[in-house]
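Each chain, letter by letter, is given below.
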Amino acid sequence: MKVLISDPLSSEGIDYLRQNVETADVRTDLSAEELLAIIGEYDALVVRSGTKVTAEVIEAGNKLKVIGRAGVGVDNIDVEKATEKGIVVINAPEGNTISAAEHALAMLASLARNIPRAHYSLKNREWKRSSFMGVELYKKTLGIVGLGRIGSEVAKRARSFGMNILAYDPYISSERARKLGVKLEEEPEEIYRQADFITLHIPKTSSTYHMIDAEQLAMMKDGVRIVNCARGGLINEEALYEALQSGKVAGAALDVFEDEPPLDSKLLDLENVIVTPHLGASTREAQINVALQVAEQVVHALRGEPVVSAVNVPVIMPETMAEVEPFLPLMRLLGSFYMQTFNGKVKEVEIIYSGEIANYQVNPLTNSFLIGLLSVTLNEHVNYVNAPVIVRNRGIKIKEITTKNCENFTNLVTVNVKTAAGVITVAGTLFNQKDMRIVQIGDYRIEVTPSRYMFVCTYIDQPGVIGRVGTKLGENNINIAGMYVGRQSIGGEAVMVLQVDDIIPDELLSTLKELDSILKVYFVRFNL
């Protein structure tokens, strides 16, 4: 086997590859044209962020079996094209965990004790001890938003400071949180209201973009301090600037920004802001770790052994895929629909496969549901390989039940999701092995044909409610393509699902929520 390393890589990773494959060539000076000319000779390509692994490069890699990224992000790799060509794309998501956690704690401590300002003052031959009065971390409340790999390591270290730790993460079980010495909250707003310090450890997705805005800042304690070493864009920087100027927020420590480099950012002008230029993973140890992790996984992939950090390839045997493939989109859709409408901290997922589908190997279907569930709030690279690992690490229990008994349908999938609020059910089926239907939402029987954009709401079943919703959408040029309703009794609670042709803005959703007899509203989107 031949491996090409086209970006600088730690020597430890290079040595590991050379010990385990026939050839490992280091060529970090290749132009795009030169890479195209030689890539056909190699079975694997290892890159960092410098090499652009385009569709053209992948097409030219006739022998390529695996592409390894020494780091987390794979924006420089055409993952879709690699998947189409059957090439495994691997990253190293855990290599920088400790470095990122330590950096967050360093920023937190520096913020609490005004270390950067005091440093520069003394460097300027000033002795102004009273100007840099700080606060202790001891017995302060730390709110952690995101208790995954990095958030968990932050929690462990913050305990040594004697801090009281709260956390929000819908994918972490109470048992897991207790083991970390953390009190788990049901909603992020509980973190905002109680914490003296807040640190973010979540990816940037459509649902987490600007998750801290003016509204969230307003509900925080006066004098709160905020740390963001995760992703730029999680905080509305304009709103943060205003809160810092007013004193609502005592200080902020930022390693990441919405636009990098942030050389024109007003935040750089504020004395109560400390900043670093995206250094979370910039340690010698982290660079060694990611190099070794990606090298090990590349070797596993070349040997045909299981890999744990593939971002694109389902581990399903061809004969099994032929049987279950029609159901995979349905399962992913059900997972996504649940998380977009009900959300909340998931404790347990029970999936009942009824009818003909019970004859199949259902594990790939369960994984497909988990991909849909997790992808709503995690990054887009949740896949058949890592979805089970993610839920296991978060303490979410998975239960599969198969039964050949099925009333009314040839096959039926019923998903019962256990949360702190109780058990919530969604169910779906296939007609003619291709037409997806959602046939249960919560307690309501219904038959919904999914569309790209859908408006979902619960309401009190009274005359005029549906008409008022339709009128308001029409006034805002939102066309309704289809409508489905379900209820349990006349005049009781009911559910309405509308297929719409366009995205419904948040402002319009808020207006719809205020209509008479409307209980809850959601906008749901699918990649159909």
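Quick notes on the rules
- Residues numbered from 1 in each chain as written.
- Predicted model: local features only at pLDDT ≥ 70, side-chain atom pairs only at ≥ 80, totals over all residues.
- Heavy atoms only, no water.
- Helix = DSSP H or I, 4+ residues; strand = E, 2+ residues; numbered from the N terminus.
- Rg over C-alpha atoms; globule rule 2.2 N^0.38 Å.
- Buried < 20%, exposed > 50% of the residue type's maximum accessible area, 1.4 Å probe, protein only.
- Areas by Shrake-Rupley, 256 points an atom, 1.4 Å probe, with all protein chains shown as cover.
- Salt bridge = Lys/Arg side-chain N within 4 Å of Asp/Glu carboxyl O.
- Pairing = 2+ DSSP bridges.
- Contact = heavy atoms within 4.5 Å.
- Axes fitted to C-alpha atoms, helices over the stretch in contact; angles between N-to-C directions.
- Patch = residues over 30% accessible without salt bridge, like charges linked within 9 Å, V, L, I, M, F, W, Y side chains within 5 Å.
- Parallel < 35°, antiparallel > 145°, perpendicular 65-115°, else oblique.
- Left-handed = near helix turned anticlockwise from the far one by under 90°.
- Nonpolar A, V, L, I, M, F, W, Y, C, P; charged D, E, K, R; others polar.

A few words now on the overall build of the protein chain. A count of helices and strands for the protein chain gives 18 helices and 22 strands. The C-alpha radius of gyration of the protein chain comes to 26 Å, within 12% of the 24 Å expected for a compact globule of 528 residues. Expressed as lengths along the three principal axes of its C-alpha atoms, the size of the protein chain is roughly 80 × 60 × 45 Å. Classification of the 528 residues of the protein chain by burial places 52% in the buried group. With an accessible surface of roughly 24,900 Å², the protein chain has 47% of that area assigned to carbon and sulfur atoms.

We now examine the pattern of salt bridges. Here the idea is simple: oppositely charged side chains can pair when their charged atoms come close. Under the counting rule described, the total for this entry stands at 18 salt bridges. Glu-41 is the salt-bridge partner of Lys-2, the closest N and O atoms lying 3.6 Å from each other. One end of the pair, Lys-2, is in strand β1 (residues 2-5); the other, Glu-41, is in the loop between α2 (32-38) and β3 (44-47), and 39 residues separate them in sequence. For the salt bridge of Arg-117 with Glu-271, the shortest nitrogen-to-oxygen distance reads 3.7 Å. With Arg-117 in helix α6 (residues 115-123) and Glu-271 in the loop between β11 (249-254) and β12 (273-275), this pair connects stretches of sequence that are 154 residues apart. For Glu-271, a relative accessible area of 59% corresponds to the exposed category. Linked through salt bridges whose partners overlap, the residues forming this network are Glu-153, Lys-156 and Arg-157.

Attention now goes to unusual backbone geometry. Between Glu-260 and Pro-261 the backbone carries a cis peptide bond, its omega angle lying at 0°. Looking at the element boundaries, Pro-261 is found in the loop between β11 and β12. With a phi angle near 55°, His-278 is a residue other than glycine that sits in the positive phi range. With respect to the element layout, His-278 can be found in the loop between β12 and α12 (284-302). On the basis of relative accessibility, which here comes to 38%, the residue His-278 falls in the partly exposed class. At Asn-477, a residue that is not glycine, the phi angle is positive and equals roughly 60°. Tracing the backbone through its elements, the reader meets Asn-477 in the loop between α17 (465-475) and β20 (480-487). Among the residues examined, Asn-477 registers a relative accessible area of 68% and is labelled exposed.

As a further point, take the sheet that holds β11. In space, the seven strands of this open sheet follow the order β8-β7-β6-β9-β10-β11-β12, with parallel pairing throughout. The outermost strands of the open sheet, each flanked by one partner alone, are β8 (183-184) and β12. Note: strand β10 (residues 224-228) against β11, five bridges, orientation parallel. Looking across to β11, one finds that Asn-228 is bridged to Leu-254. Helix-sheet contacts for helix α5 (residues 97-113) involve β6 (141-145), β9 (197-200), β10, β11 and β12, and the interaxial angle to β10 is about 150°.

Quick look at the pairing of strand β19 (residues 453-460) now. Within a regular strand, side chains alternate between the sheet's two faces. Among the eight residues of β19, seven are classified as buried, and the element is accordingly described as predominantly covered. Sheet topology note: the β19/strand β21 (residues 493-500) ladder contains eight bridges and is antiparallel. Bridge pairing links Ile-460 to Glu-493 in β21.

Secondary-structure assignment places Glu-59 in helix α3 (residues 55-60). Residue classification places Glu-59 among the partly exposed residues on the basis of a relative accessible area of 38%. Once the C-alpha coordinates of Glu-59 and Ile-490 are considered, the two residues, 431 residues apart in sequence, prove to be 60 Å apart. Ignoring any residue separated from it by four or fewer positions in sequence, one finds Glu-59 in contact with Lys-81 and Lys-85.

A word on the sheet that holds strand β4 (residues 66-69). In space, the five strands of this open sheet follow the order β2-β1-β3-β4-β5, with parallel pairing throughout. Only two strands of the sheet have a single partner each, and these edge strands are β2 (23-26) and β5 (88-90). Ignoring which end each strand starts from, the neighbouring axes of this sheet average 15° apart. Its contacts with the sheet put helix α1 (residues 11-20) on β1, β2 and β3, and the angle it makes with β2 is roughly 150°. Along the sheet, α12 contacts β1, β3, β4 and β5; its crossing angle with β4, the most-contacted strand, is approximately 170°.

A cluster of nonpolar side chains, Ile-466, Ile-480, Met-483 and Val-485, forms an exposed patch at the surface whose accessible area comes to about 300 Å². Considering every element that reaches the nonpolar patch, the biggest residue donor is β20, with three residues. Residue position: Met-483 is located in strand β20.

Helix α7 (residues 149-159) packs onto α5 with a crossing angle of 50° between their chain directions and a minimal axis gap of 8 Å. On the basis of their axis angle, the class for α5 and α7 is oblique. Between α5 and α7 lies a crossing whose hand is right-handed. Between α5 and α7, the residues in contact are Thr-97, Ile-98, Ala-100, Ala-101, Glu-102, Ala-104 and Leu-105 and Arg-149, Ile-150, Glu-153, Val-154, Arg-157 and Ala-158, respectively. Residues of the contact of α5 with α7, tallied by class, amount to eight nonpolar, one polar and four charged.

Glancing now at the pairing of β9. Of the two faces of β9, both are covered, the one formed by Phe-197 and Thr-199 as well as the one formed by Ile-198 and Leu-200. In the sheet, β6 pairs with β9 via four bridges, with the strands oriented parallel. Counterpart to Gly-143 in the pairing with β9 is Ile-198.

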